[in-house]
Amino acid sequence: MFVGLGAVVTIGVRNQELSQDRTGLAELPAIGQEPFLDVPLECVEVVGRSLLERMIERFVAIGLERVSILVEAKAFQRIPKFRTAYANVTVKVVRDLYPAVTQELANYSQDGIGHSFISSANAYAETDLLDLFCFHREARQAATRAFDKEGPLNLWVVDCAKAQRGDVESFLNDAGRDGAPKYFIRDYVNRLTHLRDLRRFAADILRRSCETGPSGKQVRPGVWMDERAEVHRRARIVAPAFIGCASKVKADALITRLSNIERDCCVDGGTVVEDSSILANTTVGICLDLCHAVARGNKLWNLERNVTVEIVDPSVMRFSSAPRRAAELSSERIAAPEATAALPKTQMPETWQFNSNLIQE
Amino acid sequence: MPTRAPVIVMELPERLNHAGAKSFLNELEPLLQNDHPSVVLDCSQIQHMDSAGVEMLLYCLEQAMKRDGDLKLAAVSPASAVIMELMRVDRLFEVFATSDEAVRSFQLVAPAASLQTQPWYAPAHGLTNLKAAS
């Protein structure tokens, strides 16, 4: 464990919440007053795990003493879900982000944690975090901000004691200005501000353009399947592709060109999914063409036309109703691991194998 | 010179659901009973379309083709285009940016010129040369 170093990860209403740089505000598509997603983008599962979880994995991997996730109540009322329960990761739903960050840094300081990373959950960067910390120490400054070729990133290393001396918002925004040393990242970065970035992230993971990989097992080169995923023997999966946990791909369906089907989805017979992401709990009906799109429930966002449509016919697209309860419960995994342990597990026949068993109706 | 029936341009309703499609079809169906019906459906007003609407379009196309006519679409919004793509019917229709363009497209093909009097493998189609080359 890396004693004396922690991390605060924030999930705000706006993904640029921690900075005055408002150029990249989230512009999620909406239909009328209803947003496309009911969770922040960084909490949406992409190729098996959310971007937030992938970021936490990186912090945990370098052995930080403590990682705190602060979720602004306006952004998300629930605790984000993780596949793995981490002992030193805590999640708090807070009313206001900045006072909560200040309080968290004060707690760190009291507990002997001298330095902390601060990051917006949507600013995913595959940089060497310890190198960033060493840079910060050598620069002898109160806060060091990371930059990439597109400009400042919402990733800092701060001195916990010095961060409490004034307003934390201006403290963070001043980092890297007026000739102060900046830390440049040349590795993979994704600022998750739009569904387009989500789709790009999925494609990058499947293409292995970034370090973080798909969940589940690679059943053949480039095809990943998560637990309890079922693929009909007459369905075709063209690599690279991902079939999520407990999802079904029925007869004569085709999943191709960097497509990802997330957990508890169903792609019905004869449907083609091409260059698309089907988000968790979505059922896509028979004999459809889903191309260049992100689908969630009965909503569809088309990348090429940049338009969102709501499908009224449940036979065409809908939420998969049954697994939603399980998904909701799994979102409480950190707070109450014993509750998830009590969840009844769906018993699937052990004979289910990729491309070799018929789906039983 | 052979004559053609005039091109019929009709505007589709805002809501192309079951009820909207049914009432629209009542208006359009008598016009589809003519010989060589040439129909342009202006989609610019469509705000909502579901599978009943798509089914109605397919039915109209089928009726027009039965009588050696055609049905073309104009001013299809991106949202309608996405739904038609999703349901795999987009490739069945000729789609134009405006109704005027769609109407002009009917007039471009003179029936006499389009008549194919020779088999497709006739020398005019270049197959003889291909055979000679092989």
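Heads up: these notes are all about the structure in this document. Everything quoted here is computed from the prediction, not taken from an experiment. (Residues numbered from 1 in each chain as written. Chains lettered and ligands numbered in written order. Predicted model: local features only at pLDDT ≥ 70, side-chain atom pairs only at ≥ 80, totals over all residues. Heavy atoms only, no water.)

Here the focus is the packing of helix α1 (residues 18-32) of chain B against helix α2 (residues 51-66) of chain B. Residue and element names in this part refer to chain B. Interhelical geometry of α1 versus α2 gives an angle of 10 degrees and a closest axis separation of 9 Å. With respect to α2, the axis of α1 lies roughly parallel. Along its contact with α1, which presents H18, A21, F24, L25, L28, E29 and L32, the element α2 presents A52, G53, M56, Y59, C60, Q63 and A64. Residues that form the contact of α1 with α2 fall into these classes: 10 nonpolar, 3 polar and 1 charged. (Axes fitted to C-alpha atoms, helices over the stretch in contact; angles between N-to-C directions. Helix = DSSP H or I, 4+ residues; strand = E, 2+ residues; numbered from the N terminus. Parallel < 35°, antiparallel > 145°, perpendicular 65-115°, else oblique. Contact = heavy atoms within 4.5 Å. Nonpolar A, V, L, I, M, F, W, Y, C, P; charged D, E, K, R; others polar.)

The subject of this paragraph is helix α1 (residues 51-61) of chain A. α1(A) sits mainly inside the fold: 8 of its 11 residues count as buried. Downstream of α1(A) by one or two residues, G63(A) has phi in the positive range, about 75 degrees. (Buried < 20%, exposed > 50% of the residue type's maximum accessible area, 1.4 Å probe, protein only.)

For R140(A), the location among the structural elements is in the loop between α3 (129-139) and β10 (143-148). Sequence spacing of R140(A) and D159(A) is 19 residues, and the spatial spacing of their C-alpha atoms is 9.7 Å.

The next thing to look at is a negative patch on the surface. A grouping of D128(A), D131(A), E138(A) and D187(A) is seen on the molecular surface, where their side chains present a negatively charged patch. Residue D128(A) is classed as partly exposed on the basis of its relative accessible area, which comes to 44%. (Patch = residues over 30% accessible without salt bridge, like charges linked within 9 Å, V, L, I, M, F, W, Y side chains within 5 Å. Areas by Shrake-Rupley, 256 points an atom, 1.4 Å probe, with all protein chains shown as cover. Salt bridge = Lys/Arg side-chain N within 4 Å of Asp/Glu carboxyl O. Lys, Arg positive; Asp, Glu negative; His and termini not counted. Charge placed at Lys NZ, Arg CZ, Asp CG, Glu CD.)

Quick look at the interface of chain A and chain B now. Counting from both sides, the interface comprises 17 residues of chain A and, opposite them, 13 residues of chain B. Area buried by chain A at its contact with chain B is led by D289(A), R305(A) and D313(A), which between them contribute 40% of it. Between D289(A) and R91(B) there is a salt bridge whose closest N-O contact spans 2.7 Å. In this structure, the connection of chain A to chain B is made through 7 residue pairs in polar contact (both at pLDDT 80 or more). Those elements that provide at least two residues to the side of chain A that touches chain B are β26 (289-291), β28 (299-302) and β29 (307-310) of chain A. (Buried area = accessible area lost by both parts, 1.4 Å probe. Polar contact = N/O pair within 3.5 Å; in protein donor to acceptor, adjacent residues only side chain to side chain.)

We now examine the nonpolar core. Residues and elements named next belong to chain A. Counting residues in each nonpolar core, the largest one holds 59 residues, and the members touching the most others are V9, L52, I56, F59, I69, F117 and L198. Counting only elements with at least two residues in this core, the list comes to β1 (2-11), α1, β6 (64-72), β7 (89-94), β9 (123-125), α3, β11 (151-159) and α5 (195-207). Tallying contributions element by element places α5 first for this core, with 7 residues. Among the domains, domain 1 (2-15 + 27-191) and domain 2 (214-341) are the pair contributing at least three residues each to this core. In contact with V9, other than residues within four places in its own chain, are L52, M55, I56, F59, V67, S68, I69, L70, S119 and A121. (Core = buried A, V, L, I, M, F, W, Y, C linked by side-chain atoms within 4.5 Å. Domains from an automatic or database assignment.)

All names here are of chain A. Here 4 strands make up an open sheet; going across it, the order is β17-β20-β23-β26 and the pairing parallel. The open sheet has two edge strands with one neighbour each: β17 (236-237) and β26. Pairing of strand β23 (residues 272-274) with β26 involves 3 bridges; the strand directions are parallel. Across the sheet, V272 pairs through a bridge with D289, a residue of β26. (Pairing = 2+ DSSP bridges.)

With that out of the way, let us pick up the packing of aromatic side chains. Applying the stated criterion across every chain, the model contains 6 aromatic pairs over all chains. Arranged with centres 6.0 Å apart and planes meeting at 45 degrees, the rings of F147(A) and F184(A) form a pair that is tilted. Linking F147(A) in strand β10 with F184(A) in strand β12 (residues 183-184), this pair joins segments that are 37 residues apart in sequence. The buried category is assigned to F147(A), whose relative accessible area is 10%. Centre to centre, the rings of Y188(A) and F201(A) are 6.3 Å apart; their planes meet at 25 degrees, and the pair counts as stacked. Residue Y188(A) is found in the loop between β12 and β13 (189-191), and its partner F201(A) is found in helix α5; the two are separated by 13 residues along the sequence. For F201(A), a relative accessible area of 0% puts it in the buried group. Taken together, the ring pairs in this structure connect Y124(A), Y188(A) and F201(A) into an aromatic cluster. The aromatic ring of F147(A) is capped on one face by K182(A), whose charged end is 4.9 Å from the ring centroid. Above the ring of F106(B), the side-chain terminus of K72(B) is found at 4.3 Å from the ring centroid. (Phe/Tyr/Trp six-rings, centres within 6.5 Å; stacked < 30°, edge-to-face > 60°. Lys NZ or Arg CZ within 6 Å of the ring centre and 35° of its normal.)

Everything listed here is a matter of geometry and, on its own, says nothing about what the molecule does.
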